[in-house]
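# Structural overview for review
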Amino acid sequence: MPFNINDFSSHIKQSGYLRKNHFELNVTVPPILQGRNIERPGGSNSTSNVTRMMTFRVANIRTPQVQITGVSVNRYGVGPPQRYPVSALFNEIFFTVTCDRLGDIWQFWHNWTRSVFEFTGVADSNSGNVNSLPRYFSNFRDEYSSLIQLQLFDQIAQNNKSGVLRFDMYESYPIAITEIPLSWNDPNLLELTITMHFKDYTIVGSNVSRENSI
């Protein structure tokens, strides 16, 4: 069948397309940080307010990746190997978020990561606790994990809160905060790169049904 530019143009106009920059990430505060304030010199900010701030500051993110794992079995015991699926593997997601001028977003992720495993103590000059020792203690997973939602919007209905695709990642928690190189010669915005682990994910509303026949 020869290529027809009119058919191609009609198809694009009818079905449209998705853009990479029409997305929104919603982070649910984990139970261990709910109803808490992020303390800093000169003030504080609630954890729920910090997560609302991040809705407008996530610069880029990767969608969840799934990989089917399998084992190789030789045909008839001696022939060429064939691969048979046995399980599935999810990769961690990572994203960058632009920090606010007071550093509340950075402190939020620091304290969340610290609640997963207390790798460092607390330094609070106001209370006299200058440098407490870490406990090297891990909390229960249901205390430090939460729901992460990634929504993709189309060009027409991008203000629709439901979006066209929504990835729900369950029992998510941060496992890494990447270091940031600082330089007097670099005036760019400071962005944190966060790596998140999750237990399961789904595309909300996505399913397969039997086609009705007439």
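Just so we're clear, the structure is a prediction, and the values are computed from it rather than from any experiment. (Residues numbered from 1 in each chain as written. Predicted model: local features only at pLDDT ≥ 70, side-chain atom pairs only at ≥ 80, totals over all residues. Heavy atoms only, no water.)

### Some words on the environment of Leu190
To keep it simple, the criterion reads: Put simply, DSSP marks the helices as runs of H or I at least four residues long and the strands as runs of E at least two long, and each gets a number from the N terminus on.
One can find Leu190 in the loop between strand S9 (165-177) and strand S10 (191-197). Between the C-alpha atoms of Leu190 and Thr63, which are 127 residues apart in sequence, the distance is 23 Å.

### Structural notes on the packing of aromatic side chains
For clarity, the cut-off: Any two rings among Phe, Tyr and Trp, with Trp reduced to its six-membered ring, count as a pair given centres within 6.5 Å; such a pair is stacked if its planes are under 30 degrees apart, edge-to-face if over 60, and tilted if neither.
Under the defined criterion, the tally for this structure stands at ten aromatic pairs. Site record: aromatic cluster; members linked through ring pairs are Phe90, Phe167, Phe198 and Tyr201.

### What to know about unusual backbone geometry
Not every positive phi belongs to a glycine, and Tyr76 is a case in point at roughly 60°. With phi around 50°, Glu171 is a residue other than glycine that occupies positive phi space. For Glu171, the location among the structural elements is in strand S9.

### What to know about helix H3 (residues 104-116)
Test applied: Given the number of residues in a helix, its expected span is that number minus one, multiplied by 1.5 Å. The buried label goes to any residue with under 20% of its type's maximum accessible area, the exposed label to any with over 50%, and the partly exposed label to all in between, with areas taken from a 1.4 Å probe on protein chains only.
With 13 residues, H3 extends 19 Å between its outermost C-alpha atoms, agreeing within 8% with the 18 Å of an ideal straight helix rising 1.5 Å per residue. Within the sequence span of H3, burial applies to Asp104, Ile105, Phe108, Trp109, Trp112, Thr113, Arg114, Ser115 and Val116.

### What to know about the packing of helix H2 (residues 47-54) against H3
Our working definition: Lines fitted to C-alpha atoms define the axes here, with helix axes fitted over just the stretch in contact, and angles between the N-to-C directions of these axes take values from 0 to 180 degrees. Each crossing gets its handedness from the near helix: less than a right angle anticlockwise from the far helix is left-handed, clockwise is right-handed. By the convention used here, residues are in contact when the closest approach between their heavy atoms is within 4.5 Å. Residue type decides the class: Asp, Glu, Lys and Arg count as charged, Ala, Val, Leu, Ile, Met, Phe, Trp, Tyr, Cys and Pro as nonpolar, and the leftover types, Gly among them, as polar.
In the contact formed by H2 and H3, the axes pass within 10 Å of each other and the chain directions differ by 115°. Judged by the sense of rotation from one axis to the other, the crossing of H2 with H3 is left-handed. Across the interface between the two elements, Thr47, Val50, Thr51, Met53 and Met54 from H2 touch Asp104, Ile105, Phe108 and Trp109 from H3. Per-class residue counts for the contact of H2 with H3 are six nonpolar, two polar and one charged.

### Focus on a nonpolar patch on the surface
The condition is simple: Residues with no salt bridge and a relative accessible area higher than 30% make up the patches, which join like charges within 9 Å and nonpolar side chains (Val, Leu, Ile, Met, Phe, Trp, Tyr) within 5 Å. With residues, only the protein chains shown are counted as cover, and all accessible areas are computed by Shrake-Rupley using a 1.4 Å probe. Note on definitions: salt bridges are taken to be side-chain nitrogens of Lys or Arg within 4 Å of carboxyl oxygens of Asp or Glu.
Taken together, the side chains of Val71, Val73, Tyr84 and Val86 make up a nonpolar region of the molecular surface, amounting to roughly 350 Å² of accessible area. The set of elements that each furnish at least two residues to the nonpolar patch consists of strand S5 (66-74) and strand S6 (81-90). Within the fold, Tyr84 resides in strand S6. With a relative accessible area of 43%, Tyr84 lands in the partly exposed category.

### Here's the deal with the pattern of salt bridges
This model, assessed by the stated rule, comprises six salt bridges. Arg114 serves as the salt-bridge partner of Glu118, at 3.9 Å between the closest nitrogen and oxygen. With relative accessibility at 17%, the residue Arg114 sits in the buried group. Between Glu171 and Lys199 there is a salt bridge, and its shortest N-O distance comes to 3.7 Å. Separated by 28 residues along the polypeptide, Glu171 in strand S9 and Lys199 in the loop between S10 and strand S11 (200-203) bring together distant segments of the chain. You can call Lys199 partly exposed: its relative accessible area is 45%.

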